[in-house]
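Here are the chains, one letter per residue:
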Amino acid sequence: MAHKTGLEEYYIIKNNKKMRYGYTTGSSATAAAKAAVKMLLSKEVVNTVSLMTPKGILLNLEILHINIEENQVSCAVKKDGGDDPDMTNGLEIFALVKKTKQAGVFIDGGEGVGRITKNGLEQPIGNAAINQVPRRMITKEVEEICSQYEYEGGISVLIFVPKGEEIAKKTFNPKLGIVGGISILGTSGIVEPMSEAALIRSIGVEMRQRIANGSEYLLVTPGNYGSSYLKEELKLPLAESLKCSNYVGETVDMAVDMGAKGILFVAHLGKFVKVAGGIMNTHSRSANARAELMAANAIRAGASLETAKQILDTVTTDEAVQIAKEAGILKGLMQEITGRIEESLNHRSYGRLVCGAVIFSNEHGYLGQTEHADMLMREIRKKTQKEEKK
C-alpha cells in the first residue's frame, strides 16, 4: 500500500486528467532534518514525520535510509514534485544532524547541494544554495523538537543530495553561478503542477470574483515575493490581491474584457524588466532578456559602455542594480524601465484601462513606479476603507 503524504486531495485538471500536487526540495530537507533531530534526541526510530508547509498544507512524509549513531543521525526524504515536470523529482534529500556546544541551529550544504559563486543571488558567495524559506523552515522545526526534548544545546544540520551534482548539470544552476549541486528551494513548500490553460482560467475566475465584489481597480502580483512586499512595505490589502504568475499579458487582456477600470502590478524587477521589452509572458523558457534590457536602458540613462558591459555580464537584476547604483545612474535607469513598462502595459490594453506598476527587489527594496501607480494605490486603499466602515 502506497504511503499517503497528505496531498492526495490536491490536484488540478489538465486535458481531463488529474495533475497531482507535490512538495519542494525545501520541504524534503526540512522533514529529513526534523526526523533526524528527533531520532538524535530520543534515540528512537522515526519512520514518518508530519510537516506543516508555509502554504498551510500538512504533509506526512516517509523517512528513508535511517542511520543512528552515538553522536549523529542521518536520514532522507524522497522529493515528489507531483505531476510537475522537474529535474529534482525523485531525488533523495538527506539531512545529517549533530549536537553542538554553541546554542542555535547551524545549516549547511554537503555533497550534491550547490555553492554560490556569484553575487546577486539570494544567498551570499560561499554559502550553500539553500534558500531563505527552507532555512527558516528547518530552523523552526529543529527548534521545536529541541524544545520538546528540553535540549538547550545547538544542532548542526548538513543537507546533502548524493545525485545532486549530476542532476544540477541539467538545470539553470551552472548559468547562475551555483556549482556542485542542486538548490534547496521553495517559498510555499508545495509544488503545484503547471497547466497554463488551467492557471490562466483560475486567474480569470478570481478576477471575475474581485470585480463582482466591487474591485474596479485590480491589485496583481506575479507571485509570493510581490505579495510579501505589498503587505509589508506598501501596506496594501493582501486580501485584495491576485496572483498572475508569468501571465502578465493574459491578465491585462482579462481585465480589459471584464471591464476593470485599472490594474496595478506590484512586481520584482527580475520579472518585470522583461515587460519593459514587451515580453508579456515572463517565464524564463519564453524569454530571458533581463541583462540585455537592463544594459540597453542603462545606456539610455547615460551609462558608459564599460558599465553597460558589466550589466550585460550579470546573472541577476539585483547584481545589475548594484552596478547601476555605484555608477550613479540607478534613478535614471529605473525611470527608463518604468516608462517602458507602462508603454508595454498600455499597448497590451489598447489604453482601455489605467495600467501601473511598482517595482522592487529583495536586496534593494523599492526601485520605482509608473506614472499612475500612486493613483491606483489610492483607489485600491479607498475600496478597503469603505468596506471597513460598513
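Residue indices begin from 1 for each chain and proceed along its sequence in written order. Given that this is a predicted model, residues contribute local features only at a pLDDT of at least 70 and side-chain atom pairs are listed and counted only at 80 or more, while totals for whole chains, interfaces and linings are drawn from all residues. Computation of side-chain values: all heavy atoms of the structure, hydrogens and water removed.

The protein appears in an unreviewed UniProt entry as Cobalt-precorrin-5B C(1)-methyltransferase from Blautia stercoris. UniProt positions are given in the numbering used here, feature names are shortened, and annotations may be inferred rather than shown by experiment. The UniProt entry for the protein carries the following text under Catalytic activity (unreviewed entry): "Co-precorrin-5B + S-adenosyl-L-methionine = Co-precorrin-6A + S-adenosyl-L-homocysteine".

Attention now goes to the overall build of the protein. For the protein, the count of helices and strands is 13 helices and 20 strands. Here the C-alpha radius of gyration of the protein, 23 Å, is about what a compact globule of 390 residues would show, namely 21 Å. When its C-alpha atoms are laid out on the principal axes, the protein stretches across 70 × 55 × 45 Å. Across the 390 residues in the protein, those meeting the buried criterion constitute 51%. Only heavy atoms matter for contacts: two residues are in contact if any of them lie within 4.5 Å across the pair. The contacts of the protein with a sequence gap of at least 6 include a subset with a gap of at least 24, amounting to 68%. With the model as given, the accessible surface of the protein reaches about 18800 Å², and the carbon-plus-sulfur share is 48%. Counted as positive: Lys and Arg. Counted as negative: Asp and Glu, with His and the chain ends omitted from the count. In this description, the location of a charge corresponds to atom NZ of lysine, CZ of arginine, CG of aspartate or CD of glutamate. Between the averaged position of the 48 positive side-chain charges in the protein and that of its 46 negative side-chain charges there is a distance of 3 Å. Here a helix means four or more residues in a row that DSSP labels H or I, a strand means two or more in a row labelled E, and each is numbered from the N terminus. Each radius of gyration is computed over the set of C-alpha atoms, and the globule rule expresses the reference value as 2.2 Å times the number of residues to the power 0.38. Here the term buried applies to any residue with accessible area under 20% of the maximum for its type, exposed to any over 50%, and partly exposed to those in between, with areas from a 1.4 Å probe on protein chains only. Surface accessibility follows the Shrake-Rupley procedure with a 1.4 Å probe radius. Residue values consider only the protein chains on display as shielding.

Note on pairing: DSSP must find at least two bridges between two strands before they are called paired. Taken in spatial order, the 5 strands line up as β6-β7-β8-β12-β9 in an open sheet, and their pairing is mixed. Only two strands of the sheet have a single neighbouring strand rather than two, namely β6 (64-68) and β9 (104-109). Averaged over all neighbouring strand pairs, the angle between strand axes comes to 15°, with direction disregarded. Helix-sheet contacts for helix α1 (residues 25-42) involve β6, β7 (72-78), β8 (92-100) and β12 (154-160), and the interaxial angle to β8 is about 40°. Lines fitted to C-alpha atoms define the axes here, with helix axes fitted over just the stretch in contact, and angles between the N-to-C directions of these axes take values from 0 to 180 degrees. Most of the contacts of helix α2 (residues 132-148) go to β9, to which it runs at about 140°, and overall it touches β9 and β12.

With mixed pairing, the 5 strands of this open sheet are ordered in space as β17-β16-β18-β19-β20. In this open sheet, the two strands that pair with only one neighbour each are β17 (241-243) and β20 (365-369). For this sheet the average axis-to-axis angle between neighbouring strands, irrespective of direction, equals 25°. Each of β16 (217-221) and β18 (262-268) is contacted by helix α7 (residues 248-257), which is oriented at about 165° to β18, the strand it contacts most. In the packing of helix α12 (residues 330-349) onto the sheet, the strands contacted are β18, β19 (354-361) and β20, and the crossing angle to β19 comes to about 145°.

This part is about the packing of aromatic side chains. Here a Phe, Tyr or Trp ring, Trp counted by its six-membered ring, pairs with any other such ring whose centre lies within 6.5 Å, and the pair is stacked when the planes are under 30 degrees apart, edge-to-face when over 60, and tilted otherwise. As enumerated under the stated definition, the model contains 2 aromatic pairs in all. On the numbers, 4.9 Å between centres and 20° between planes, the contact of Phe94 with Phe160 is stacked. One end of the pair, Phe94, is in strand β8; the other, Phe160, is in strand β12, and 66 residues separate them in sequence. For the pair shown, Phe94 and Phe160 are each scored as buried.

Each α-helix winds once per 3.6 residues, and so residues spaced three or four apart point in a common direction. Compared with the 28 Å implied by 1.5 Å per residue over 20 residues, the 28 Å span of α12 between its first and last C-alpha is a close match. Listed as buried for α12 are Leu330, Leu333, Met334, Ile337, Thr338, Ile341, Glu342, Ser344, Leu345 and Ser349. What you see down the axis of α12 is that its buried residues fit within an arc of 165°, all on one side. Residues Gln335, Glu343 and His347 are exposed on α12 and point more than 90 degrees away from its buried face. Downstream of α12 by a residue or two, Tyr350 has a phi angle that is positive, lying close to 55°. A helix is expected to span 1.5 Å multiplied by its residue count minus one. In this description, the arc belongs to the directions extending from the helix axis to the C-beta atoms.

Between Lys or Arg on one side and Asp or Glu on the other, a salt bridge is scored when a side-chain nitrogen of the former is within 4 Å of a carboxyl oxygen of the latter. With the rule as written, the count across this model stands at 10 salt bridges. Measuring nitrogen to oxygen at the nearest pair gives 3.6 Å for the salt bridge that ties Lys261 to Glu216. Placement of Lys261 in the loop between α7 and β18 and of Glu216 in the loop between α5 (196-212) and β16 is noted, with a sequence separation of 45 residues between them. Relative accessible area serves as the criterion here: at 42%, Lys261 is assigned to the partly exposed category.

Time to look at the packing of α7 against α12. Two elements in contact, α7 and α12, have axes separated by 9 Å at closest approach and are oriented at 50°. By the angle class used here, α7 and α12 are oblique. Crossing handedness for the pair α7 and α12: right-handed. Residues Val248, Gly249, Glu250, Val252, Asp253 and Val256 of α7 form the contact with α12, whose own contacting residues are Leu345, Arg348 and Ser349. Ten residues, namely Ala, Val, Leu, Ile, Met, Phe, Trp, Tyr, Cys and Pro, are considered nonpolar, four, namely Asp, Glu, Lys and Arg, are considered charged, and the remaining ones, Gly among them, are considered polar. Class assignment for the residues of the contact of α7 with α12 results in 4 nonpolar, 2 polar and 3 charged. Angles below 35 degrees are treated as roughly parallel, those above 145 as roughly antiparallel, those between 65 and 115 as roughly perpendicular, and all remaining angles as oblique. Helix crossings are classified by the rotation of the near helix relative to the far one: an anticlockwise turn of less than a right angle makes the crossing left-handed, while a clockwise turn makes it right-handed.

In contact at an axis separation of 8 Å, helix α9 (residues 290-300) and helix α10 (residues 305-312) are set at 165° when each is read in the N-to-C sense. In terms of orientation, α9 lies roughly antiparallel with respect to α10. For α9 against α10, the interelement crossing comes out right-handed. On α10, the residues that touch Ala291, Glu292, Met294, Ala295, Ala298 and Ile299 of α9 are Ala308, Ile311 and Leu312.

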